[in-house]
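Commentary on secondary and tertiary structure
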Amino acid sequence: MSNRRDFLKTSAALSLPLIVSSTVFGDKAPSERINVGFIGTGNQGMAMLKRFINRDLGNVLAVCDVNEGSLGYKKPDHFYGREPAKKMVEQTAAAKSKSGKPYQCDAYNDFRQVLNRDDIDAVIIVVPDHWHKIISVMALEAGKDVYCEKPLTFSVADGRAMIDAVRKNDRVFQTGSQERSNPVSQFVCEAVKAGKIGPIKKIITKVGFNNMVSPKPGWKPMPVPNTFDYRTWLGPAPELPYHDDRCLYRFRFHYDYSGGQITNFGAHCNDMAHWGMGLDVGGPTEIECEGAGFLPEGSLFNTATETRFRCKYENGVELFCESGSEGVQTRFEGADGWMVTGYRGTYASDLELLAGCPTKPQGVDDPHSAHMANFIDCVKSRQEPAAPVEVGNSSAVLCHIANALIRMYPETGPGYVAKWDAKAEQFIDDDAANKMLIREQRDPWS
Ligand SMILES: NC(=O)c1ccc[n+]([C@@H]2O[C@H](COP(=O)([O-])OP(=O)(O)OC[C@H]3O[C@@H](n4cnc5c(N)ncnc54)[C@H](O)[C@@H]3O)[C@@H](O)[C@H]2O)c1
């Protein structure tokens, strides 16, 4: 039976065009250039697309976004969406191409059209969190390998569905937790895991404050831009009137689509906490919200503006996660010293602990690019990538159960300690907290 490599060799000998269906190469082990589709080309999707092309990781045959193209992402002059993405891929590829042949990248509004293409091996999913599970599971069922951004899930139940779909379909799956491919984070987390600071006593993680201003109570709905498929953007989420500050980039400050900075930054710093503890799979046994602030009722954004939660693990380690100006940070305190790593740098109680610590790579070796490169390598080798679905799920679950208690905080106040069964992924004898885990999904996406 011919495989992808044989076919490429034959094509080259016969001077056939190298536009081929991935099914020609056999199902499990494509061994040459990988054909991908990017689903979601906004703030992060566009940045990832640029990195993918700069590192020349494969062929981008398709881009997909429900926004044809518009300003109004993280910064007002960011112009993103499927048409700018298509243009960027085609122009960059043309500029890099030695043959001078035009490069075709198709732009779609509906992600199912990307999944239906036999010539696409893998998809990179960079949409808001409320879409992660649906698109991932459909992609896995369609036989695609998947890279899906963090926070991996929108709810605890999503994680189980995603793990099952990865394992049932025997696909390669990478969570977009790029710290797993950052040599600095690797150095610190592996040092802690190896016992360099002695048994861990306490971990303090930091999540950044909200970086956008919400429309105040009394805000007025806005007309839907004619370049934007708002209905599909909402997908499984409740039907609510359009406002610019609901969608592009700002979705992360709405519980209907995300979980605030606890899930956004928390997916990174709490993943590192689990990594240092050697707890890639699993979770705490108890959790308590120690404080939470919210905007006035009726504001458009509704996630916590600042918060602090505490949880305890079976091994006795206590983890405190709090809002701060550091963005993402994880501090490990052990019996013999401490180590800190995050966006603001890497420190330790003793310089000796940092001997051999690399500097954070830049350019085509930056952690995001390295993480995608690791994914593409694994698509070829069929090995497990740096952040498998179970790893992404554990940090997301921690953030979701924290959010359950944070949302209850205005009623419970401090001192409400919930017991968590990490195996069953349920609060123990706590109907109120378990109810907070349920996320209704609107038809036809339920
Ligand atoms: N790994 C990291 O460090 C990192 C950094 C930033 C964002 N992210 C993650 O990336 C994801 C996207 O965040 P963002 O900041 O790029 O948001 P964004 O709003 O800027 O971009 C999301 C894009 O997805 C599109 N979209 C929404 N629903 C869609 C659908 N059903 N089909 C196709 N396109 C759809 C939107 O129109 C938008 O253009 C989030 O999950 C976020 O947490 C990760």
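Residues numbered from 1 in each chain as written. Predicted model: local features only at pLDDT ≥ 70, side-chain atom pairs only at ≥ 80, totals over all residues. Heavy atoms only, no water.

Points about the packing of aromatic side chains
We apply this condition: Two rings belonging to Phe, Tyr or Trp (six-membered ring only in the last case) form a pair when the distance between their centres is within 6.5 Å. Interplanar angles under 30 degrees mark stacking, angles over 60 mark edge-to-face geometry, and anything in between is tilted. Only when the NZ atom of a Lys or the CZ atom of an Arg is both within 6 Å of the ring centre and within 35 degrees of the ring normal do we say a charge sits over the ring.
A complete count under the given rule lists 14 aromatic pairs for this structure. Aromatic ring contacts, followed pair by pair, group F228, Y230, W233, Y242 and Y257 into a single cluster. Taking the ring centre of F111 as reference, the NZ or CZ of R112 above it sits at 6.0 Å. One cation-aromatic arrangement involves R331 over W338; the distance from NZ or CZ to the ring centre is 4.5 Å.

A few points about the site of the ligand
What counts is decided by this rule: Near is defined per residue: the residue qualifies when any heavy atom it owns lies within 4 Å of the molecule or strand. Under this definition, polar contacts are N or O atom pairs within 3.5 Å; protein pairs additionally need one hydrogen-donor-capable and one acceptor-capable atom, and for neighbouring residues in sequence, both atoms have to be side-chain atoms. Where accessible areas are quoted, they stem from the Shrake-Rupley method and a 1.4 Å probe; at the residue level, only the protein chains shown are allowed to cover. In this document the domain limits rely on a domain assignment from an automatic tool or a database.
In the vicinity of the ligand lie 29 residues, with N43, Q44, D65, Y73 and Y249 positioned nearest. Within the side chain of H268, one N or O atom sits 3.2 Å away from an oxygen atom of the ligand. In isolation the ligand has 840 Å² of accessible area, and contact with the protein removes 96% of it. When residues are assigned to domains, the shell around the ligand turns out to be shared by domain 1 (4-178) and domain 2 (180-437), each giving three or more.

Points about the confidence of the model for the protein
Here is the rule: For every residue, the predictor states its confidence as a pLDDT score lying anywhere from 0 to 100. Should any heavy atoms of two residues lie within 4.5 Å, those residues are considered in contact.
Residue-level pLDDT values for the protein average 92, and 93% of them are 70 or greater. Here residues 1-31 scores under 50 on pLDDT; set against residues more than four positions off or in separate chains, the count is 42 contacts.

Considering the packing of helix α2 (residues 43-54) against helix α11 (residues 367-381)
Which entries qualify depends on this criterion: Between the N-to-C directions of two axes lies an angle of 0 to 180 degrees, each axis being a line fitted to C-alpha atoms and, for a helix, fitted only over the stretch in contact. By the criteria applied, helices consist of DSSP H or I runs no shorter than four residues and strands consist of E runs no shorter than two, each listed in order from the N terminus. Orientation is classified from the angle alone, with under 35 degrees giving roughly parallel, over 145 giving roughly antiparallel, 65 to 115 giving roughly perpendicular, and any other angle giving oblique. Left-handed is the label given to a crossing in which the near helix is rotated counterclockwise from the far helix by less than a right angle, and right-handed is the label when the rotation is clockwise. Three categories are distinguished: nonpolar for Ala, Val, Leu, Ile, Met, Phe, Trp, Tyr, Cys and Pro, charged for Asp, Glu, Lys and Arg, and polar for the others, with Gly belonging to the last.
For the pair α2 and α11, interaxial distance at closest approach is 10 Å and the crossing angle is 70°. Taken as axis vectors, α2 and α11 run roughly perpendicular relative to one another. Considering only the axes of α2 and α11, their crossing is right-handed. Residues Q44, M48, R51 and F52 of α2 lie in contact with α11, whose contacting residues are H368, S369, M372 and I376. Each residue belonging to the contact of α2 with α11 can be placed in one class, and the counts come to four nonpolar, three polar and one charged.

Some remarks on the packing of α2 against helix α3 (residues 82-96)
At a closest axis distance of 11 Å, the pairing of α2 and α3 adopts a crossing angle of 15°. In terms of their interaxial angle, α2 and α3 are classed as roughly parallel. The handedness of the crossing between α2 and α3 is right-handed. Residues M46, L49, K50, I53 and N54 of α2 lie in contact with α3, whose contacting residues are P84, A85, M88, V89, T92 and K96. Among the residues forming the contact of α2 with α3, the class breakdown is seven nonpolar, two polar and two charged.

A word on the pairing of strand β7 (residues 200-208)
The criterion, for reference: Accessible area is worked out with a 1.4 Å probe on protein chains only. A residue is then buried under 20% of its type maximum, exposed over 50%, and partly exposed in between. At least two bridges found by DSSP between two strands are what make those strands a pair.
Summarising burial for β7: seven of the nine residues are buried, a large majority. Looking at chain direction, β7 and strand β11 (residues 328-334) are connected through seven bridges and run antiparallel. If you follow K206 over to β11, its bridge partner there is Q329. The sheet contact formed by β7 and strand β10 (residues 318-324) spans seven bridges and is parallel. Following the sheet pairing, V207 is matched in β10 by S323.

Concerning the domain arrangement of the protein
Put simply, the test is: For any pair of parts, buried area is found by adding up, for both, the accessible area (1.4 Å probe) each one loses once the two are put together. Salt bridge, as applied in this entry: a Lys or Arg side-chain nitrogen positioned within 4 Å of an Asp or Glu carboxyl oxygen.
Split by domain assignment, the protein resolves into domain 1 (4-178) and domain 2 (180-437). A C-alpha centroid distance of 25 Å is found between domain 1 and domain 2. In total, domain 1 and domain 2 occlude about 5100 Å² of area from one another, counting both sides; carbon and sulfur atoms represent 61% of this. Our enumeration of links across domain 1 and domain 2 arrives at five salt bridges. R51 is the partner of D366 in a salt bridge, and the nearest nitrogen-oxygen pair spans 3.1 Å. Here domain 1 and domain 2 share 33 residue pairs in polar contact (both at pLDDT 80 or more) between them.

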